[in-house]
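Residues per chain are reported as follows:
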Amino acid sequence: MDSPEVPAGAPRAGPEPLSPDERELLAKLEEQNRLLEADSKSMRSVNGSRRNSGSSLVSSSSASSNLSHLEEDTWILWGRIVNEWDEWRKKKEKLLKELIRKGIPHHFRAIVWQLLCSAAELPLKAQYSELLRMSSPCERLIRRDIARTYPEHEFFRGQDSLGQEVLFNVMKAYSLVDREVGYCQGSAFIVGLLLMQMPEEEAFSVFVRLMQEYRLRELFKPSMAELGLCIYQFEFLLQEQLPELNVHFRSQSFLTSMYASSWFLTLFLTTFPLPVATRVFDIFMYEGLEIVFRVGMALLQFNQAELVQLDMEGMSQYFQKVIPHQFDSCPDKLILRACQVKYNPRKMKRLEKEYAALKSKEMEEQIEIKRLRSENRLLKQRIETLEKESAALADRLIQGQVTRAQEAEENDVIRRELALVRQRCSSATESLRRAQSTIRELQGNPRLSEEFVAHLETELERSRLRESETLGALKEMQDKVLDMEKRQPLLPDDSSVVRLQEELQELALRDIGDIGDTWQVSLSPQVCGGRWQEPRALHEAVLGVQLRESQAQAELRALRQRVLHLETQGRIQRSVLGRAEQACAGLREQLRAAAAQSQGLQAQLSESHRKHAEAQCKSKEEVMASPWWQGCPWVSPCVPMVSLRCPWVSLWVSLGVPMVSLWVSLGVPVGVSGCPRAVPGCPQVSLGCP
């Protein structure tokens, strides 16, 4: 008998040819599969129509008998494989691979799966019971998703079912072993399938091996980087082997992750019914994720003609409702097509390196984007700060310009007043010159002396009036200058104002000095002789005016110093007051915190008082409800000696008569301390024992 044809995509295990016995076993397995398929079709025809002849029944019975013989042979074969596992893995790997692709018998799946992944050698298996006693941070998530795992299966149906409980135990134990992965929703379907075949401890061991050795741990990490790699590799296969379908998917924006993510995360357990999904899982236990790529491509090859005619919504519905049930009756057809899919491990390794390079580049770009965003945020903050500073500087500049304009206007006013004073000074000087010329004329003509004296008196009065006006204008200008100093003490125009003030003072003093010199000349003994007594009196009056003016200026300087001193003291007091207000604000804040704490303590104290009052009321009620002597270690032994039901005893007790006095009055023998049970050291030794 010829050996069965090996699929084109299957890797070659070795050059060893198949023995005749092995070829006969493979032929029997193929015959068994054909009979199973024919038997299922005949049973469907019997259920659909009752017009079957007797010959069909005979053929069905003969097929069943042949099937039973083949099942016995299959049991014998897989029993020998399990017993001679090491030899089969080393020397007959190719035949073992073909047998696994044709399906592991249901009763051998548990042991074969454990042998394929070497789960018996796992050291964590002994720690499973200890892990169940610990608590996991993922317990709430696991409890939430358990009801969604195989909800139609009888083993997991019901909130308190055995299946849900053991599924929770395995997922919780693994979340404690691998805290980086913790719990991922898709992994529950894989564990559920394992629990359908084996006890929970063995299922835990197999699942740990799958996560560590079959790339599932990378798939279920929070970043799911391995899932992105699988999608990238699957897209390459799709583009290489089904370019027309790939173009249609891209034109409809139908991403590969929309239909293939669940294939890799659940290994088709949420796509196919359990019999078909279990066949795929058998091959996965031997070949790894390669079978997921093969089965996925086989599905697309079978349905390419229908998919290219659908839009995005239609394709989504097709993947959810049509594809899962296409191979319910003939899973071998799907497995055979999957084994024929071209799969090159070297290309997959190269794609893995390309994907790693792309991800590294994307990571660098993300880091650069984050850095640029951070710098952009800092620059925005800096721009906002600079805009605020610029606005403040613009306000200060405008305010300074306004202030300088006001000061310039005031300086113009002062200059005009100074020009007016100078004009008055020049007119006074001219008047003085005319007076001197008049004096000289009078000196030459003594007869006009009386008229001249009267004229001088008149001029003196006029000079005093002008002097008072000048002093008034001077004082008014000094007040303006002082007001300007208070408003803008640091402006650069202060020196010009002070210089104008000094010029006014010098001008006034010079005028007064000129007038004094003139009078000194006019009062000299050579000119006046004994006839100028009245002009001397006038001179003395002018000197008095000058003295009062100097005194007034001295008082003005003292007042200025006093005002500056008071302003300095005011600034100091304001700063001290500001610090005191800050201290008061801090004290008020502490006072509010203390008040809040005091309120909390008061609430706790009131709660304690309430509980204490409740406890006291409860204890009083218990005391009132029980006999007064019950529980007393000193009175209880004395109860048999006295009939406490005696009305006289009850009367005495109600009247507050001490018990020791009661014993004595009834003639009960008591100890030295007055108690019938008194012993040395008794805490109740007292004549007032209640």
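Not measured: the values here are computed from a predicted model.

This part is about the overall build of the protein. A count of helices and strands for the protein gives 26 helices and zero strands. Here the protein holds 690 residues, and the buried ones make up 34% of them. Sequence-distant contacts, at least 24 apart, represent 74% of the contacts inside the protein between residues at least 6 apart.

As a packed pair, helix H14 (residues 257–266) and helix H16 (residues 290–302) sit with axes 10 Å apart at the nearest point and diverge in direction by 145 degrees. Crossing of H14 against H16: the hand is right-handed. Contact residues: H14 offers Tyr259, Trp263 and Phe264, while H16 offers Val292, Phe293, Gly296, Leu299 and Leu300. Residues that form the contact of H14 with H16 fall into these classes: seven nonpolar, one polar and no charged.

Turning to unusual backbone geometry, a few remarks are in order. Generally, phi is negative for residues other than glycine and the peptide bonds are trans, each holding for most cases. For arginine 215, which is not glycine, the phi dihedral falls at a positive 70 degrees. With respect to the helices and strands, arginine 215 occurs in the loop between helix H10 (200–213) and helix H11 (216–219). Under the relative-accessibility criterion, arginine 215 is labelled partly exposed at 32%. One non-glycine residue, phenylalanine 268, adopts positive backbone phi at about 70 degrees.

Spanning 13 residues, H16 covers 19 Å between terminal C-alpha atoms, matching the ideal 18 Å at 1.5 Å per step. Counting buried positions along H16 yields eleven of 13 residues, so the element is predominantly enclosed. Glu290, Ile291, Val292, Phe293, Arg294, Val295, Gly296, Met297, Ala298, Leu299 and Leu300 are the residues of H16 that are buried.

Between helix H15 (residues 274–287) and H16, the least distance of the axes is 8 Å, while the angle of their chain directions is 140 degrees. One finds that H15 runs oblique with respect to H16. Counted together, Val280, Ile283, Phe284 and Glu287 of H15 and Glu290, Ile291 and Val295 of H16 form the full contact between these two elements. Residues of the contact of H15 with H16, tallied by class, amount to five nonpolar, no polar and two charged.

The biggest cluster of nonpolar side chains holds 107 residues, and the ones touching the most others in it are Leu210, Phe249, Tyr259, Phe281, Phe284 and Leu300. Excluding its chain neighbours within four sequence positions, the residues that come into contact with tyrosine 259 are Phe234, Leu238, Phe249, Phe254, Leu300 and Phe319.

Taken together, the side chains of Leu255, Met258 and Met312 define a hydrophobic patch exposed on the protein surface, amounting to about 270 Å² of accessible area. Summarising the element assignment, methionine 312 is placed in helix H18 (residues 312–321).

Now for the environment of lysine 349. Along the chain, lysine 349 falls in helix H20 (residues 345–444). Looking at lysine 349, the relative accessible area reads 55%, which means it is exposed. Put simply, lysine 349 and glutamine 233 are 116 residues apart on the chain and 9.5 Å apart in space, counted from C-alpha to C-alpha.

For the rest of this paragraph, the subject is the pattern of salt bridges. One pass over the structure, following the stated rule, counts 25 salt bridges. In this structure, arginine 144 and aspartate 145 form a salt bridge, with 3.3 Å as the shortest nitrogen-oxygen distance. The exposure class assigned to arginine 144 is partly exposed, which follows from its relative accessible area of 46%. The shortest N-O distance in the salt bridge between arginine 371 and glutamate 375 comes to 2.4 Å. Separated by four residues within a single helix, arginine 371 and glutamate 375 lie in helix H20, roughly one turn from each other.

Turning to helix H8 (residues 162–177), a few remarks are in order. With 16 residues, H8 extends 23 Å between its outermost C-alpha atoms, agreeing within 8% with the 22 Å of an ideal straight helix rising 1.5 Å per residue. The buried fraction of H8 is high, at 13 of 16 residues.

Here we come to the environment of arginine 89. With respect to the element layout, arginine 89 can be found in helix H3 (residues 85–91). For arginine 89, a relative accessible area of 30% puts it in the partly exposed group. Sequence-wise, arginine 89 and leucine 116 are 27 residues apart; in three dimensions their C-alpha atoms are separated by 9.1 Å. If we ignore the near neighbours within four places in the chain, the residues touching arginine 89 are Leu96, Leu115, Leu116 and Tyr286.

On average, residues of the protein score 74 in pLDDT, and 67% of them reach the 70 mark or higher. Mean pLDDT across the secondary structure elements of the protein bottoms out at helix H23 (residues 525–528), with 42, and peaks at H16, with 94. Low confidence marks residues 490–494, where pLDDT is under 50. Its contacts with residues over four positions away, or in another chain, come to six contacts. Note on residues 668–690: pLDDT is under 50 here. Beyond four places in sequence and across chains, it has 35 contacts.

Before going further, it helps to examine the packing of aromatic side chains. Scanning all chains against the criterion turns up 25 aromatic pairs. Considering the side-chain rings of tyrosine 150 and phenylalanine 189, the 5.4 Å spacing of their centres and the 75 degrees angle between planes classify their relative orientation as edge-to-face. Taken together, the residues span a long stretch of sequence, with tyrosine 150 in the loop between helix H7 (139–146) and H8 and phenylalanine 189 in helix H9 (residues 187–195) at a distance of 39 residues. Note on tyrosine 150: relative accessible area 8%, which makes it buried. Its relative accessible area of 14% is what places phenylalanine 189 among the buried residues. Ring pairing ties together the aromatic residues Phe234, Phe249, Phe254, Tyr259, Trp263, Phe264, Phe268, Phe272, Phe293, Phe319 and Tyr343, which thus form one cluster. Here lysine 92 stacks its cationic end above the ring of tryptophan 88, 4.8 Å away from the centre of that ring.

About the criteria used
- Residues numbered from 1 in each chain as written.
- Predicted model: local features only at pLDDT ≥ 70, side-chain atom pairs only at ≥ 80, totals over all residues.
- Heavy atoms only, no water.
- Helix = DSSP H or I, 4+ residues; strand = E, 2+ residues; numbered from the N terminus.
- Buried < 20%, exposed > 50% of the residue type's maximum accessible area, 1.4 Å probe, protein only.
- Contact = heavy atoms within 4.5 Å.
- Axes fitted to C-alpha atoms, helices over the stretch in contact; angles between N-to-C directions.
- Left-handed = near helix turned anticlockwise from the far one by under 90°.
- Nonpolar A, V, L, I, M, F, W, Y, C, P; charged D, E, K, R; others polar.
- Expected span 1.5 Å × (residues − 1).
- Parallel < 35°, antiparallel > 145°, perpendicular 65-115°, else oblique.
- Core = buried A, V, L, I, M, F, W, Y, C linked by side-chain atoms within 4.5 Å.
- Patch = residues over 30% accessible without salt bridge, like charges linked within 9 Å, V, L, I, M, F, W, Y side chains within 5 Å.
- Areas by Shrake-Rupley, 256 points an atom, 1.4 Å probe, with all protein chains shown as cover.
- Salt bridge = Lys/Arg side-chain N within 4 Å of Asp/Glu carboxyl O.
- pLDDT = per-residue confidence, 0-100.
- Phe/Tyr/Trp six-rings, centres within 6.5 Å; stacked < 30°, edge-to-face > 60°.
- Lys NZ or Arg CZ within 6 Å of the ring centre and 35° of its normal.

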